[in-house]
Amino acid sequence: DYWGNDYFDDTYIHNGKPVKFKGYCTDIWFDAAMKFAESCAKAGKPFFTYLATNAPHGPFNVDKKYSDLYAGKLGVPNAEFYGMITNIDDNMGKLVKKLDALGIADNTILIFTTDNGTAAGFNARSGKGFNAGMKGTKGSEYDGGHRVPFFIRWPDGGIEAKKDISRLTAHLDVMPTLTQLCGIDGPKGVALDGVSIVPLLKGDGANWPDRTLVTDSQRLENCVKWRKSAVMTDRWRLINGKELYDMTSDGGQKKNIADGNPEVVKELTAAYEKWWASVSERFDEFV
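Residues numbered from 1 in each chain as written. Predicted model: local features only at pLDDT ≥ 70, side-chain atom pairs only at ≥ 80, totals over all residues. Heavy atoms only, no water.

**Here we look at the side chain of S217**
Move 1: Inspection of the secondary structure puts S217 in the loop between strand 7 (213-216) and strand 8 (229-232).
Move 2: The contact partners of S217, leaving out residues within four places of it in the chain, are G139, R227 and K228. (Helix = DSSP H or I, 4+ residues; strand = E, 2+ residues; numbered from the N terminus. Contact = heavy atoms within 4.5 Å.)

**Structural notes on the packing of aromatic side chains**
Move 1: As enumerated under the stated definition, the model contains 14 aromatic pairs in all.
Move 2: Ring centres of W226 and Y272 lie 3.7 Å apart, and the angle between their planes is 15°; this geometry places the pair in the stacked category. In this pair, W226 sits in the loop between strand 7 and strand 8 while Y272 sits in helix 7 (residues 262-279), placing the two residues 46 residues apart along the sequence. For the pair W226 and Y272, a shared accessibility class is recorded, and that class is buried. (Phe/Tyr/Trp six-rings, centres within 6.5 Å; stacked < 30°, edge-to-face > 60°. Buried < 20%, exposed > 50% of the residue type's maximum accessible area, 1.4 Å probe, protein only.)

**A look at the sheet that holds strand 8**
Move 1: Read from one edge of the open sheet, four strands run 7-8-9-10, paired in antiparallel fashion. The sheet is open, and its two edges are formed by strand 7 and strand 10 (243-246), each paired on a single side. For this sheet, the mean inter-axis angle between neighbouring strands, taken without regard to orientation, is 20°.
Move 2: Sheet topology places strand 7 next to strand 8; four bridges connect them, and they run antiparallel. The residue of strand 8 that forms the bridge with V214 is V231.
Move 3: Sheet strands in contact with helix 7 are strand 7, strand 8, strand 9 (236-239) and strand 10, and its direction is about 65° off that of strand 9. (Pairing = 2+ DSSP bridges. Axes fitted to C-alpha atoms, helices over the stretch in contact; angles between N-to-C directions.)

**Quick word on the nonpolar core**
Move 1: Counting residues in each nonpolar core, the largest one holds 19 residues, and the members touching the most others are Y24, M84, L95 and L99.
Move 2: For this core, the secondary structure elements donating two or more residues are helix 1 (25-42) and helix 3 (79-101).
Move 3: For Y24, the contacting residues outside a window of four places in its chain are Y7, F8, N61, V62, M84 and N87.
Move 4: Formed by twelve residues, the second largest nonpolar core is a distinct cluster that contains V214, W236, V264 and Y272. (Core = buried A, V, L, I, M, F, W, Y, C linked by side-chain atoms within 4.5 Å.)

**Some remarks on the pattern of salt bridges**
Move 1: Taken as a whole and judged by the stated rule, the model has 13 salt bridges.
Move 2: K35 is the partner of D31 in a salt bridge, and the nearest nitrogen-oxygen pair spans 3.2 Å. Remark: K35 and D31 occur in helix 1; sequence separation between them is four residues, near one turn of the helix.
Move 3: For E285, the salt bridge is made with R282, and the minimal N-O distance between the two is 3.2 Å.
Move 4: Take R282: its relative accessible area is 58%, and that puts it in the exposed class.
Move 5: Overlapping salt bridges bring together E38, K42 and K98 as one network. (Salt bridge = Lys/Arg side-chain N within 4 Å of Asp/Glu carboxyl O.)

**Quick word on the packing of helix 1 against helix 3**
Move 1: Contact pair helix 1 / helix 3: the axes reach a minimum separation of 10 Å and the direction vectors enclose 10°. Between helix 1 and helix 3, the interaxial angle falls into the category roughly parallel. Contact residues: helix 1 offers T26, D27, F30, M34, A37 and E38, while helix 3 offers N87, I88, N91, M92, K94, L95, K98 and L99.
Move 2: Broken down by class, the residue content of the contact of helix 1 with helix 3 amounts to seven nonpolar, three polar and four charged. (Parallel < 35°, antiparallel > 145°, perpendicular 65-115°, else oblique. Nonpolar A, V, L, I, M, F, W, Y, C, P; charged D, E, K, R; others polar.)

**A short note on the environment of A32**
Move 1: Structurally, A32 can be placed in helix 1.
Move 2: Expressed as a C-alpha distance, the spacing of A32 and L51, which sit 19 residues apart in the sequence, is 9.7 Å.

Rendered as structure tokens:
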């Protein structure tokens, strides 16, 4: 944040100093990422780039040529929000073309993912927008709040194209996966919650074990047990310790079947208790 920033011709902190740039925020950051990739490629050096855009996010400011694409469209709750997404799509296209032009596209691990469910692309009350049939939006404990896409591309590394993976994975798997793909050691003396998903990326995952993961949305100074939480397996979702959904037959999480499956509830509750004991060890530390 900087005084007067509105996504256009803004001031950003660059190497520790405020610098005024000309253009739209997302365009500027993708352009900087491409210039960095080009400098490394020409020097024959490997590189790592992490580009986290603020868009699509409020305030919903975007060039009219993007928002006009959706203005007045049936079922679109926020034309600017959709326009911001289309601008990201355009920039991803430019990035891929740049990697191609540099001759490094097939030997660069390229990942596209997001950080939460939609915030302004779907209106539950009106039913406008697209949410893939999922329940809940950003911040929700239901799948619509936290399920996200994760696309990974690396032809030279043996990752198969056009392959869908349906097994349960999460953000905490990214680092162990990248360390294995790159053939480097992970951090010493750290107990990782995530696992490498290389067996899923390069194999059929036949021996991939069922796992239990937990997500919650606290947004509080003092965390509250079971708050907006989901205990997840490939098949089940235990919501707030009370509601149970079978995702194989009820992806929209419409029918709570907790009463009819007490053993499943008991098992997932025990998994949550173990997780809570682990993450709560440092709750007294001020962030």
